[in-house]
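# Topology and contacts: notes
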Amino acid sequence: MSQIIGLPLGVQLSVGSTLALILVGFYMYKQLGKESKIFLVYQLVSLLTSIATVYLALNNMRNLWVSHLYTPIQFGLLMWVFSSWQEKPNVKRLFQFLIPAFILVWAIAAIFVEHTNEFNTFSRPTESILLIIASGYTLFQVNKEKVESLFRQPSFWVGSGTLIYFTGMVILFTITNVLLRSSEDILRTVWIVNWILNVVANLLYAGAFLCQKSRA
């Protein structure tokens, strides 16, 4: 318990906001659409990943490999959710195609380019760019076609949270190894951005669950 209390406030808020989001999702579970239930599964995976990362760090064990394994899972679940919300068949198929395509790129990078003792500064930025495009396009469509009920659309809340988080993180994901080699203290300071953006995204994600309350 003392180790948990000693964690940076940003870590506690970030993990705590994910846990709170999951509790909201379970509370609303019966009213959630299929896409939102998949998104809830994604949040569970995200929480378990955060717990594993923190546990390893507290015990002075390498934890960057967790991020490597989490990246294709995160991309696959989020892109599947976005693909499910697409009304144009061609776009839906494109988003679904990107899942195995990215996993292949991730696997090649993991074998030949990236190392588990460093940040995955190729696959993570690539994932971010693709999710920025997917969430941005989804927001464009929901604004265009469902403006009269914008805040009642889970796609609006998930798209907004995803766009904000990955737009804010894409550059940081790219330079993490440079910062790691330069100064771990600087990296820890800059990483506060990740915690802040994760909390903001989780607040928006909660709207995706709560906006479906009227379906009861």
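As the structure is a computational prediction, the values presented were derived from the model and not from experiment.

Orientation of helix α3 (residues 34-58) relative to helix α4 (residues 64-84), taken along the N-to-C sense of each, is 170°, at an axis distance of 10 Å. Relative to α4, the element α3 is oriented roughly antiparallel. As α3 packs across α4, the resulting crossing turns out to be left-handed. Contacts between α3 and α4 involve Glu35, Ile38, Phe39, Tyr42, Val45, Ser46, Thr49, Thr53 and Leu56 from the former and Trp65, Val66, Tyr70, Ile73, Gln74, Leu77, Leu78, Trp80, Val81 and Ser84 from the latter. Classifying every residue of the contact of α3 with α4 gives 13 nonpolar, 5 polar and 1 charged.

Detailed conclusions should not be drawn from predicted coordinates in areas where pLDDT is low. Summary statistics for the protein give a mean pLDDT of 92 and a share of 94% for residues scoring 70 or more. Within the model, pLDDT remains below 50 along residues 1-5, and this stretch shows 3 contacts once partners closer than five positions in the same chain are excluded.

Moving on, we come to the environment of Ser84. Looking at the secondary structure, you find Ser84 in helix α4. C-alpha separation for the pair Ser84 and Ile129, spaced 45 residues apart in sequence, amounts to 19 Å. Beyond its immediate sequence surroundings of up to four residues, Ser84 is in contact with Glu35 and Lys92.

Along the chain, Asn194 falls in helix α9 (residues 192-210). Contact partners of Asn194, with chain neighbours within four places excluded, come to Tyr165 and Met169.

Going through the model one piece at a time under the given rule, you end up with 12 aromatic pairs. Summarising the aromatic geometry, the rings of Phe39 and Tyr205 are spaced 4.8 Å apart at their centres and angled 75° between planes, so their arrangement reads as edge-to-face. Here Phe39 is found in helix α3, whereas its partner Tyr205 is found in helix α9, with 166 residues between them in sequence. Classification of Phe39 as buried rests on a relative accessible area of 1%. Ring pairs connect the aromatic residues Phe39, Tyr42, Tyr205 and Phe209, which therefore count as one cluster.

This next bit is on the nonpolar core. Counting 52 residues, the largest nonpolar core has Phe39 and Met79 as its most contacted members. In terms of residue count, the dominant contributor to this core is helix α7 (residues 154-182) (9 residues). With residues up to four places along the chain from it excluded, the contact list for Met79 reads Phe95, Leu98, Ile99, Leu130, Leu131 and Ala134.

The rules we used
Residues numbered from 1 in each chain as written. Predicted model: local features only at pLDDT ≥ 70, side-chain atom pairs only at ≥ 80, totals over all residues. Heavy atoms only, no water. Axes fitted to C-alpha atoms, helices over the stretch in contact; angles between N-to-C directions. Helix = DSSP H or I, 4+ residues; strand = E, 2+ residues; numbered from the N terminus. Parallel < 35°, antiparallel > 145°, perpendicular 65-115°, else oblique. Left-handed = near helix turned anticlockwise from the far one by under 90°. Contact = heavy atoms within 4.5 Å. Nonpolar A, V, L, I, M, F, W, Y, C, P; charged D, E, K, R; others polar. pLDDT = per-residue confidence, 0-100. Phe/Tyr/Trp six-rings, centres within 6.5 Å; stacked < 30°, edge-to-face > 60°. Buried < 20%, exposed > 50% of the residue type's maximum accessible area, 1.4 Å probe, protein only. Core = buried A, V, L, I, M, F, W, Y, C linked by side-chain atoms within 4.5 Å.

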